[in-house]
Amino acid sequence: MQDMKDNKQLFGGSVVLIGGDWKQLTPVVPKGNPEAVIDASIKKWDEYDHCKQIELKKNMRVNEDEIDFIQELKHIGNGDTEGYSNYIKGTDYIKVDEENIAKNALDLMNFCYEPQWLAEPEKYAKELCGSAILCPTNTVVKRLNQKVLNNLSGRQQKTFFARNTPLGDQPLNALTDNETEYSIEAMEKIETAGMPPHELNLKNGAIVMLIKNISVNTGLCNGTRMQITEIFDDCIKCKVLSGSRSDNSDEIFLPRCKFEYGGTPSEPGIHFSRCQFPVKLSFAMSINKSQGQTLQKVGIYLRQGECFSHGQLYTAMSRVRTKKSIKIVTAVLDTNNVKNVVWKQLLD
Ligand SMILES: Nc1ncnc2c1ncn2[C@@H]1O[C@H](COP(=O)(O)OP(=O)(O)OP(=O)(O)O)[C@@H](O)[C@H]1O
């Protein structure tokens, strides 16, 4: 901006509006400890002192009559130990109210995805799309997605295996047999948030998330939720259910796309390209991926691991409009306590 406007002031003298919520998740720093994450915050930017902060005070997502829930979300987001009776003194745990507890994954699944919705997924597309199971890590997300998919009745089911091709100097055929086997296996095992899996299980009626910006202007962007309506060998047909195209339930055809992995310090190991449909199952998703979404029901699954990073619990709980739209499976059976990580340096 400075170059374009030939002006050495910050942003070339233009007014720039940056929006965000300090209580929500931070940018991801691969393998970063809390100090590294805090260091990556905009608060550590040299020019941060030049920014004027304007506070938006009203929660527009939560229903206006949910006064206690609005207050509770503030307490959780700010990590308040005072004035919030659900805080367990001397710890970073809070007690979840009984009405928001689910006993296990099955309970949670039945809450988020009612059996009748799974039996007639096309009829209940909006309902299925309005729900999500959220977890702190992607490994658990994958397992839960498969569980819901198994319970979904769909007339067509297909598994698509990606084509993984090594990039860089050494082609696979230059390696010995053992090395080739190892390299192929290594590529197939790699899963990241920004790339579809090597093995993609799809079914008619399944809820998936687009993981590539196809056309931002027309609402087909990373994070758009859709329902699979037809599966072909070389493309999939999907109904768009979230974002600007959701009102007219547009249907689109998606071909396979190329994704690239490696070649950067945050993506160690083999450098390769993966050719796969640009979607991931999205009955369950990571809390990070849910940031920005508004949902009708949220199931938070913590049995395989508590929230471990700043703002995860707050982000997960603040996706919905009412408190009764949340159920949580806590880390330990018969305990209602969940960990709430808040790094105060990131707050105001
Ligand atoms: N001006 C408004 N009038 C009515 N409702 C609004 C308005 N702005 C936002 N909302 C409601 O709040 C919800 C969240 O809005 P939006 O996604 O723009 O907020 P956000 O700041 O990006 O939220 P978050 O960061 O928590 O995801 C919307 O789905 C909508 O229901």
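Residues numbered from 1 in each chain as written. Predicted model: local features only at pLDDT ≥ 70, side-chain atom pairs only at ≥ 80, totals over all residues. Heavy atoms only, no water.

Worth spelling out the cut-off: UniProt positions are given in the numbering used here, feature names are shortened, and annotations may be inferred rather than shown by experiment.
Looking at an unreviewed UniProt entry, one finds the protein named ATP-dependent DNA helicase and attributed to Panagrolaimus davidi. The UniProt entry for the protein carries the following comment under Sequence similarities (unreviewed entry): "Belongs to the helicase family."

1. Re the environment of His198
We apply this condition: Helix and strand labels come from DSSP, where a helix needs a run of H or I of at least four residues and a strand needs a run of E of at least two; each type is numbered from the N terminus. Relative accessibility thresholds used throughout: buried, under 20% of the residue-type maximum; exposed, over 50%; partly exposed, between the two (1.4 Å probe, protein chains only). Contacts between residues were defined by any pair of non-hydrogen atoms, one from each residue, lying within 4.5 Å.
Take His198: it is sitting in the loop between helix H8 (177-189) and strand E5 (199-203). Residue His198 is classed as buried on the basis of its relative accessible area of 11%. As a C-alpha pair, His198 and Phe161 span 37 residues in sequence and 5.5 Å in three-dimensional space. His198 has contacts with Phe160, Phe161, Ala162, Asn164, Glu188, Arg274 and Gln276, leaving out every residue within four places of it along the chain.

2. Considering a nonpolar patch on the surface
Applicable threshold: The patches reported here contain residues having more than 30% relative accessible area and no salt bridge. Joining distances are 9 Å for like charges and 5 Å for nonpolar side chains (Val, Leu, Ile, Met, Phe, Trp, Tyr). Residue exposure ignores everything except the shown protein chains as possible cover, and the areas themselves are Shrake-Rupley values with a 1.4 Å probe. Counted as salt bridges are all cases of a side-chain nitrogen of Lys or Arg within 4 Å of a carboxyl oxygen of Asp or Glu.
On the surface, Met1, Met4, Val16, Ile18 and Ile42 cluster together into a nonpolar patch covering about 480 Å² of accessible area. Residue placement: Ile42 occurs in the loop between helix H2 (34-39) and helix H3 (67-78).

3. Quick look at the UniProt feature "domain: DNA helicase Pif1-like 2B" (unreviewed entry) in the protein
Summarizing the sequence annotation, UniProt attributes the feature "domain: DNA helicase Pif1-like 2B" (unreviewed entry) to residues 187-230 in the numbering used throughout. Structurally, residues 187-230 comprises 7% helix and 34% strand, and the distance from its first C-alpha atom to its last is 28 Å.

4. Some details on the sheet that holds strand E4 (residues 163-166)
Just so we agree on the cut-off: Pairing between two strands is assigned when DSSP locates at least 2 bridges connecting them. Angular values range over 0 to 180 degrees, each being the angle between N-to-C directions of two axes fitted as lines to C-alpha atoms, with helices fitted over their stretch in contact.
Read from one edge of the open sheet, 3 strands run E4-E11-E10, paired in antiparallel fashion. Strands with a single pairing partner mark the edges of an open sheet, and in this sheet they are E4 and strand E10 (257-261). Taken over all neighbouring pairs, the strand axes of this sheet differ in orientation by 25° on average, direction set aside. Judged from the 5 bridges that link them, E10 and strand E11 (residues 272-276) form a sheet pairing that is antiparallel. Bridge pairing in E11 places Cys257 opposite Gln276.

5. Focus on the site of the ligand
As a reminder of what qualifies: Residues are counted as near a molecule or strand when any one of their heavy atoms sits within 4 Å of it. We call two N or O atoms a polar contact when they sit within 3.5 Å, provided that within protein one can donate a hydrogen and the other can accept it, with sequence-adjacent residues counted only if both atoms are side-chain atoms. Polar here means any residue other than Ala, Val, Leu, Ile, Met, Phe, Trp, Tyr, Cys and Pro, which are nonpolar, and Asp, Glu, Lys and Arg, which are charged; Gly is therefore polar.
Around the ligand, the surrounding shell consists of Gln24, Met60, Arg61, Gly292, Thr294, Arg319 and Arg321. At 3.2 Å, a side-chain N or O of Thr294 approaches an oxygen atom of the ligand. In isolation the ligand exposes 630 Å². Once the protein is present, 42% of that is buried. Broken down by class, the residue content of the shell around the ligand amounts to 1 nonpolar, 3 polar and 3 charged.

6. Some words on the pattern of salt bridges
Using the criterion set out here, one finds 9 salt bridges in the structure. Taking the shortest distance from any N to any O, the salt bridge between Asp97 and Lys323 comes out at 2.4 Å. Of this pair, Asp97 sits in the loop between strand E1 (93-95) and helix H4 (105-112) while Lys323 sits in the loop between helix H10 (312-317) and strand E15 (326-329), and the two are 226 residues apart along the sequence. On the basis of relative accessible area, Lys323 is assigned to the buried category, the value being 11%. As a salt-bridge pair, Lys189 and Glu185 come within 3.2 Å of each other at their nearest N and O atoms. With Lys189 and Glu185 both in helix H8, this residue pair falls 4 residues apart, about one helical turn. Given a relative accessible area of 42%, Glu185 falls into the partly exposed group. Several salt bridges converge on common partners, so that one network encompasses Glu72, Asp97 and Lys323.

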